[in-house]
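# Report on the structure
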Amino acid sequence: MSTHSTRLASRLMVAPSVLVLFVWMAVPLAMTLYFSFRFYRLLTPDRSGWVGINHYKWFLNAPEFWLAMGNTLALVGGVLLITVVLGTLIALLIDQPVKGQGALRILVIAPFFVMPPVAASIWENLFMHPQNGLFAALAQGLGMQPILFLEQYPMSSVIGITAWEWLPFATLILLTAMQSLSSEQLEAAEMDGASSFARFRYIILPHLTRAITVVILIETIFLLGIFGEIYTTTQGGPGSASTTLPYMIYKQAIIAKDIGRAAAGGIIAVILANIVAYFLMRGLGRNLDA
Amino acid sequence: MGKIQLRNVRKSFGDVHVIPGLDLDIEDGEFVVFVGPSGCGKSTLLRLIAGLEDTTSGTIEIDGKDATHLPPAKRGLAMVFQSYALYPHMTVRKNIAFPLKMAGMDKAEQDRRVERAASVLNLASYLDRRPGQLSGGQRQRVAIGRAIVREPQAFLFDEPLSNLDAALRVGMRQEISELHQSLKTTMIYVTHDQVEAMTMADKIVVLNAGNIEQVGSPLELYRNPKNTFVAGFIGSPKMNFIDGAEAAKHNAHTIGVRPEHITVGDGPWEGTVGLSEHLGSDSFIKVNVDGIGVINVRGTGELDIHHGDRIKLAPAGKIHRFDKEGLAL
Ligand SMILES: Nc1ncnc2c1ncn2[C@@H]1O[C@H](COP(=O)(O)OP(=O)(O)O)[C@@H](O)[C@H]1O
Ligand SMILES: [Mg+2]
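Residues numbered from 1 in each chain as written. Chains lettered and ligands numbered in written order. Predicted model: local features only at pLDDT ≥ 70, side-chain atom pairs only at ≥ 80, totals over all residues. Heavy atoms only, no water.

The name given to chain B in an unreviewed UniProt entry is ABC transporter ATP-binding protein, with Pseudogemmobacter lacusdianii as the source organism. Within the UniProt record for chain B, the comment given under Sequence similarities (unreviewed entry) is "Belongs to the ABC transporter superfamily." (UniProt positions renumbered as here; feature names shortened; annotations may be inferred.)

An unreviewed UniProt entry lists chain A under the name Sugar ABC transporter permease, from Pseudogemmobacter lacusdianii. The Subcellular location (unreviewed entry) comment attached to chain A in UniProt states, word for word, "Cell membrane". Turning to chain A, the UniProt annotation filed under Sequence similarities (unreviewed entry) states: "Belongs to the binding-protein-dependent transport system permease family."

Shown next as structure tokens:
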């Protein structure tokens, strides 16, 4: 398989794609880095020049920034928690032999095929709307005031909507993992006197660790960049209550049209993502070894 | 105390009647082997006893008490699965201790029992490894260790040796027999291999399509098979069956002669040697006998016979006689 000549040949053949990937990644990163030290506002294109680390200082001093940091982590952590816990429970449930299992599974997977802005609109207008929403109707039916979800609990609402979108993904991965558990192991545990909770705790859950790790890693990558759900529903508000780091960067780039500041925000986001990735890999990486 | 009684036990999966109805008594301390061809319902029967499957009808009594509807854990039985079913994320020690932990036994007693089981099974130096780091034979031992620490009323084995290579199988076979002799606990052992059945069992239960064909000690089954199925299944190489005129001479529809009960030299049957296998200790010879057909013969190791030779044979041991339905006369 790996004689000298085949190894050389394989290196030569992957070289172009490695090169393209590298350029693809390095050029935008380098440009972002460059702009993050420049004065560059679209409304005043004639003014330009180096500003040093002023943009970074502005971010670190903006009260909104730390709120956005906290919101970003709350979004990632909240959605991960909800999807992994509920995903495991739902997977356990639909792994049971029931009639119409196929249809049931498709129903459970369905939300994943709904585009983020559409999903967010459905939630905003059909569920959370204070006049027309299902929740408002429920609350009124019970004789209570409708809850103003997007105004009073904006971050929790965004977390809820995003979790709803990502739950099928977690469920699907965890379900396939559960199905790969040999039934003899569960039967052996049953004969060993393990209750159904003990079987879950000592047999099923350890079997799922790798799948849970995969879910956490993949979801984190996507959740750090969540934007559409916020844009469609709360627009980062009220005030900055549901502004996340990506949304804050968007506000600088598109609303304030300050490319320099947005670039600095982008670099901060890259650093945050790397810190998260480092801790995730340190904490969970060994679960991925065979 | 491990007396097990099955009364009129039936099991169907939908329309498939895997076990059409069966009675069986297993005495305390017995080594019982269920043997039969693949798919005849051996595993199903074992799983019924274990409680992993519900009976369709009939009763199962363990130690004099009705256990038909008891959950597996309450039956006091331990099972060794064909795939071993070890818990891959636990060390050998934790695997063996698992049933004790589930029973809420205190830690010191758990350790004591695990150490004892490990020394009996030669696992002491592997206690901190995971199942994935063990060989097939070692995994087998861990599975047995997990069964014996609970001190069950009876052990259930489902083809425990079928994943091992031939040499290891012989060794483990002897270890399990020795374990039975030292523990004196009831063991029910499922296999499709009649050699395992013959060498290990106190009592063999021959199953065919969910029915018990015959129950008896290994030699009883060898000497007096009740029908052609048992006759053909027990004994290796397989018994020769002869129909037609030759059988009519013995007033039977079919006669059976074991390969080891035929002598080479002089005799009434004459034929051409087809295949001859010389093992040193024995020789297995296929002879195309004129007017009868192919006859397998087991001869001494020194037998100097080869393909194409003309030889004469004589039945020299018991001739088994069967009627049209295949029942022994
Ligand atoms: N869960 C099940 N559902 C349907 N048929 C089954 C099931 N388990 C076993 N069977 C059928 O029962 C028969 C006996 O199976 P089994 O007891 O595993 O045989 P053995 O262990 O003797 O090889 C087989 O024909 C098998 O297809
Ligand atoms: Mg079987």
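Moving on, we come to the UniProt feature "transmembrane region" (unreviewed entry) in chain A. Residue and element names in this part refer to chain A. Here, UniProt's "transmembrane region" (unreviewed entry) annotation points to residues 12–37, 65–94, 106–123, 153–175, 208–228 and 262–281. What you have in residues 12–37 is 96% helix and 0% strand, and the ends, taken at the C-alpha atoms, are 38 Å apart. Measuring from the first to the last C-alpha atom of residues 106–123 gives 20 Å, for a span that is 67% helix and 0% strand. (Helix = DSSP H or I, 4+ residues; strand = E, 2+ residues; numbered from the N terminus.)

All names here are of chain B. Inspection of the region around ligand 1 gives Phe 13, Val 18, Ser 38, Gly 39, Cys 40, Gly 41, Lys 42, Ser 43 and Thr 44 as its neighbouring residues. A distance of 3.2 Å separates an oxygen atom of ligand 1 from a polar atom in the backbone of Cys 40. For ligand 1, the accessible surface in isolation is 560 Å², of which the surrounding protein chains cover 57%. No other element matches helix α1 (residues 42–50), which puts 3 residues into the shell around ligand 1. Taken together, the residues of the shell around ligand 1 sort by class into 3 nonpolar, 5 polar and 1 charged. (Near = heavy atom within 4 Å. Polar contact = N/O pair within 3.5 Å; in protein donor to acceptor, adjacent residues only side chain to side chain. Areas by Shrake-Rupley, 256 points an atom, 1.4 Å probe, with all protein chains shown as cover. Nonpolar A, V, L, I, M, F, W, Y, C, P; charged D, E, K, R; others polar.)

With that settled, consider the pattern of salt bridges. Close approach of charged atoms allows side chains with opposite charge to pair. Under the defined criterion, the tally for this structure stands at 24 salt bridges over all chains. The residue Asp 258 of chain A makes a salt bridge to Arg 41 of chain A at a minimum N-O spacing of 3.1 Å. Residue Asp 258 of chain A is found in the loop between α12 (245–255) and α13 (259–284), and its partner Arg 41 of chain A is found in the loop between β1 (38–39) and β2 (49–50); the two are separated by 217 residues along the sequence. Overall, Asp 258 of chain A belongs to the buried group, its relative accessible area being 3%. Note that Arg 310 of chain B is salt-bridged to Asp 290 of chain B, the shortest N-O span being 2.8 Å. Of the two residues, Arg 310 of chain B sits in strand β17 (residues 310–315) while Asp 290 of chain B sits in the loop between β15 (282–289) and β16 (293–300), which places them 20 residues apart along the sequence. The exposure class of Arg 310 of chain B is partly exposed, given its relative accessible area of 45%. We classify Asp 290 of chain B as partly exposed; its relative accessible area is 47%. (Salt bridge = Lys/Arg side-chain N within 4 Å of Asp/Glu carboxyl O. Buried < 20%, exposed > 50% of the residue type's maximum accessible area, 1.4 Å probe, protein only.)

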